Amino acid sequence: MSTPRALDSLPDGLAADAHRLLATLVRDGAALGWVEPPSRAEVAALLADVAAAVRAGDAALRVAFLDDRLVGLGYWTRYSRPTHRPHADLEKVAVDPAAQGRGVGRALVSALVEDARAAGIEVLTLDARGDNANALHLYRTLGFTEYGRLPDFVAVGDRRYDKVFCMLDLRRS
Ligand SMILES: CC(C)(COP(=O)(O)OP(=O)(O)OC[C@H]1O[C@@H](n2cnc3c(N)ncnc32)[C@H](O)[C@@H]1OP(=O)(O)O)[C@@H](O)C(=O)NCCC(=O)NCCS
């Protein structure tokens, strides 16, 4: 697959395609922070905010296509707290179920890490649900290390899952 594309604005149709991707994953139980599939308007607003942050130098957004079809996305945004400004948080790494296991997620996260390095980000953080073995495997093999865990913190209906915090210190790698 080709290198995921970096975006600083949203091409026509991208928000709708991203909504389809995210809503399908959440409907199937993916751990992306939503309990119910997000609305189209919510995804459009989220991506517009991220694209604006990219233009301000405070984020990176990458999208992956296979045969001209959106199959993956992910982004990081710089922390807004003044004392955390050198650092950023990676979020919403998502790959279409039909395209999983083919290197799309690895390509997305690798590109976003390089974007962070190029932007001078010092520490890239992320969090994942404790049962998300594929994601945690991917992050660990890209150099992220676990720095903490909130037991039984993520609430999905009556179920509870650990929230796992990971970091990649770009000053040391
Ligand atoms: C996590 C996710 C982004 C990985 O994307 P992907 O394109 O499937 O990942 P890749 O093909 O690049 O594979 C990355 C690693 O994960 C492993 N992996 C991915 N899918 C797997 C699967 N279905 N079964 C077993 N291992 C899997 C691969 O073995 C690979 O490791 P390896 O290179 O050492 O073999 C994707 O599964 C996804 O979108 N999940 C739902 C949303 C989500 O959980 N996002 C992360 C939130 S923290």
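A short tour of the structure in this document, coming up.

Conventions used here
Residue indices begin from 1 for each chain and proceed along its sequence in written order. Totals for whole chains, interfaces and linings use all residues, but because this is a predicted model, local features are given only for residues with pLDDT of at least 70 and pairs of side-chain atoms are given and counted only at 80 or more. With hydrogens and water excluded, all non-hydrogen atoms of the structure serve as input to the side-chain values. Every helix listed is a DSSP run of H or I at least four residues long, and every strand listed is a run of E at least two residues long, numbered separately from the N terminus. Our radius of gyration is a C-alpha quantity, and the globule rule it is checked against amounts to 2.2 Å times the number of residues to the power 0.38. Summary of the burial criterion: residues with accessible area below 20% of their type's maximum are buried, those above 50% are exposed, and those between are partly exposed, where the area comes from a 1.4 Å probe applied to protein chains only. Contact definition: two residues touch when any of their heavy atoms are within 4.5 Å. Only the protein chains shown count as cover for residues, with accessible areas throughout obtained via the Shrake-Rupley method and a probe of 1.4 Å. A residue counts as positive if it is Lys or Arg and as negative if it is Asp or Glu; His and the chain ends are not included. For charged residues, the charge sits on one atom: NZ in Lys, CZ in Arg, CG in Asp, CD in Glu. Near, as used in this document, describes a residue that has one of its heavy atoms within 4 Å of the molecule or strand being considered. Here a polar contact is taken to be a pair of N or O atoms separated by no more than 3.5 Å, where protein atoms must pair a possible hydrogen donor with a possible acceptor and residues adjacent in sequence count only if both atoms sit in side chains. Here the term charged refers only to Asp, Glu, Lys and Arg, the term nonpolar to Ala, Val, Leu, Ile, Met, Phe, Trp, Tyr, Cys and Pro, and the term polar to all other amino acids, Gly among them. A fitted line through C-alpha atoms represents every axis, and for helices the fit uses only the stretch in contact; the resulting angles, taken between N-to-C directions, go from 0 to 180 degrees. Here a crossing is taken to be left-handed if its near helix is turned anticlockwise relative to the far helix by less than a right angle, and right-handed if that turn runs clockwise. The nonpolar core is taken to be a set of buried Ala, Val, Leu, Ile, Met, Phe, Trp, Tyr and Cys residues, with the residues joined through side-chain atoms within 4.5 Å. Pairs of strands are assigned from DSSP output, requiring at least two bridges between the strands.

1. A few points about the overall build of the protein
Inference 1: Helices and strands together make up the secondary structure of the protein, namely four helices and seven strands.
Inference 2: Walking the protein from its N terminus toward its C terminus, one meets helices and strands in the order β-α-α-β-β-β-α-β-α-β-β.
Inference 3: Here the C-alpha atoms of the protein give a radius of gyration of 15 Å, agreeing with the 16 Å that 2.2 N^0.38 yields for 173 residues.
Inference 4: Summarising its shape, the C-alpha atoms of the protein cover approximately 40 × 35 × 30 Å along the three principal directions.
Inference 5: Burial statistics for the protein: of 173 residues in total, 43% are counted as buried.
Inference 6: Long-range contacts, defined as pairs at least 24 residues apart, comprise 59% of the intrachain contacts of the protein with a sequence gap of at least 6.
Inference 7: Roughly 9,100 Å² of accessible area belongs to the protein as shown, and the carbon and sulfur atoms make up 48% of that amount.
Inference 8: Charge-centre separation for the protein: the mean point of 22 positive side chains lies 2 Å from the mean point of 23 negative side chains.

2. What to know about the site of the ligand
Inference 1: As a structural note, the neighbourhood of the ligand is formed by 21 residues, with Val93, Val95, Gly103, Gly105 and Asn132 the closest of them.
Inference 2: Residue Arg106 places a main-chain N or O atom 2.8 Å away from an oxygen atom belonging to the ligand.
Inference 3: In the model, an oxygen atom of the ligand is placed 2.8 Å from a nitrogen or oxygen of the His137 side chain.
Inference 4: For the shell around the ligand, the secondary-structure elements that each account for two or more residues are strand E4 (88-95), helix H3 (104-118), strand E5 (123-129) and helix H4 (133-141).
Inference 5: Of the residues that constitute the shell around the ligand, the class distribution is eleven nonpolar, seven polar and three charged.

3. Describing the packing of helix H1 (residues 14-27) against helix H2 (residues 40-55)
Inference 1: Close contact between H1 and H2 brings their axes to 9 Å; oriented N to C, the two are set at 120°. Crossing of H1 against H2: the hand is right-handed. Here H1 contributes Leu14, Ala15, Ala16, Ala18, His19 and Leu22 to the contact with H2, which in turn contributes Arg40, Val43, Ala44 and Leu47.
Inference 2: Its residues assigned to classes, the contact of H1 with H2 shows eight nonpolar, one polar and one charged.

4. A short note on the side chain of His19
Inference 1: Structurally, the position occupied by His19 is in helix H1.
Inference 2: Judged by relative accessible area, His19 falls into the buried class, the value being 18%.

5. Re the nonpolar core
What tends to happen in soluble globular proteins is that the nonpolar side chains get buried as a cluster.
Inference 1: In this structure, Trp76, Leu90, Val109, Val113, Leu124, Tyr139 and Phe144 are the most contacted members of the largest nonpolar core, which totals 22 residues.
Inference 2: Discounting chain neighbours no more than four positions away, the residues touching Tyr139 are Leu90, Val93, Val109, Leu126, Ala128 and Phe144.
Inference 3: Within the second largest apolar cluster, 21 residues are counted, among which are Leu7, Leu14, Val43 and Leu70.

6. With respect to the sheet that holds strand E6 (residues 145-156)
Inference 1: The strand order E1-E2-E3-E4-E5-E7-E6 describes an open sheet built from seven strands, whose pairing is mixed. Of all strands in the sheet, those bounded by a partner on one side alone are strand E1 (5-7) and E6. Across the sheet, the mean angle from the axis of one strand to that of its neighbour is 25°, orientation sign disregarded.
Inference 2: In terms of strand pairing, E1 meets strand E2 (residues 59-66) through three bridges, oriented antiparallel. Among the inter-strand pairings, Arg5 is bridged to a residue of E2, identified as Val63.
Inference 3: Here H3 sits on the sheet in contact with E2, strand E3 (69-78), E4, E5 and strand E7 (159-169), set at roughly 155° to E2.
Inference 4: Lying over the sheet, H4 contacts E4, E5, E6 and E7, oriented at roughly 160° with respect to E5.

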